[in-house]
Amino acid sequence: MYIITLTLTELKTKARDFMEAHNRWITAGLEDGLFLVVGGLKPQGGGVILAHNVDRKAIEMRVAEDPFVQEGIVTPHIQNVSVARTDPRFEFLLDHSGAPGA
């Protein structure tokens, strides 16, 4: 699973111009089953995405397609989480690879 944070940059004033395209990018990630959760960071602004069922290279490519990333409105940070324990409802997120940090 990946936790992706989108940290606003000094170009955040451009966000309004690219919001529609950014929202289309989010919708595509949800519809493709890649994104589990998308939300805003409060109070500082920016965003967070939980993604799964994808490898590192593919998630890096997907994040690079975000119009906010392309325009320098946000800086993405991608963290790989090796899920070891969950509530039973989230067992599908468990890392069964046996590899540390996978």
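Look above for the structure.
No experiment lies behind these values; they were computed from the predicted model shown.

## Some remarks on the nonpolar core
Counting 17 residues, the largest nonpolar core has Ile4, Phe35 and Ile59 as its most contacted members. Elements with a minimum of two residues in this core: β1 (2-8), α1 (15-31), β3 (47-51), α2 (56-64), α3 (67-70) and β4 (74-80). Those residues in contact with isoleucine 4 that sit more than four places away from it in its chain are Gly47, Val48, Ile49, Ala51, Ile59, Val63, His77 and Ile78.

## Overview of the side chain of threonine 9
Structurally, threonine 9 can be placed in the loop between β1 and α1. Once residues within four sequence positions are removed from consideration, threonine 9 is found in contact with Gly72, Ile73, Val74 and Thr75.

## A short note on the packing of aromatic side chains
The way to describe two aromatic rings as a pair is by their centre distance and the angle between their planes. Under the counting rule described, the total for this entry stands at 2 aromatic pairs. Where phenylalanine 90 meets phenylalanine 92, the ring centres are 6.5 Å apart and the plane angle is 40 degrees; that geometry is what we call tilted. Given the relative accessible area of 39%, phenylalanine 90 is considered partly exposed.

## A look at the sheet that holds β4
The antiparallel open sheet is built from 4 strands, whose spatial order is β2-β3-β1-β4. Either end of the sheet is taken by a strand with one partner, and the two such strands are β2 (35-40) and β4. Each neighbouring strand pair of the sheet contributes to a mean axis angle of 15 degrees, computed without reference to strand direction. With 5 bridges connecting them, β1 and β3 associate as antiparallel partners. Each bridged residue has a counterpart across the sheet, and for tyrosine 2 the counterpart in β3 is alanine 51. In the packing of α2 onto the sheet, contacts are made with β1, β2, β3 and β4, and the angle to β4 comes to roughly 165 degrees.

## As for the environment of valine 74
Structurally, valine 74 can be placed in strand β4. By relative accessible area, which is 6% here, valine 74 ends up buried. Along the chain, valine 74 and glycine 47 lie 27 residues apart, while their C-alpha atoms are 8.9 Å from each other. Excluding residues within four positions of it along the chain, valine 74 makes contact with Leu6, Thr7, Leu8, Thr9, Phe68 and Val69.

## Quick word on α1
When the terminal C-alpha atoms of α1 are compared, their 23 Å separation across 17 residues agrees well with the 24 Å that a helix rising 1.5 Å per residue should span. In α1, a bend of some 35 degrees at alanine 21 exceeds every other bend along the element. Every buried residue belonging to α1 is among Ala15, His22, Trp25, Ile26 and Gly29, and all of these are buried. Considering only its buried residues, α1 is in contact with β1, β2, β3, α2 and α3. Positive backbone phi, approximately 80 degrees, marks glycine 33, located one or two places after α1.

The rules behind each value
- Residues numbered from 1 in each chain as written.
- Predicted model: local features only at pLDDT ≥ 70, side-chain atom pairs only at ≥ 80, totals over all residues.
- Heavy atoms only, no water.
- Core = buried A, V, L, I, M, F, W, Y, C linked by side-chain atoms within 4.5 Å.
- Buried < 20%, exposed > 50% of the residue type's maximum accessible area, 1.4 Å probe, protein only.
- Helix = DSSP H or I, 4+ residues; strand = E, 2+ residues; numbered from the N terminus.
- Contact = heavy atoms within 4.5 Å.
- Phe/Tyr/Trp six-rings, centres within 6.5 Å; stacked < 30°, edge-to-face > 60°.
- Pairing = 2+ DSSP bridges.
- Axes fitted to C-alpha atoms, helices over the stretch in contact; angles between N-to-C directions.
- Expected span 1.5 Å × (residues − 1).
- Bend = angle between axes of the 7 residues up to and from the residue.

So far we have only geometry, and geometry alone does not tell us how the molecule works.
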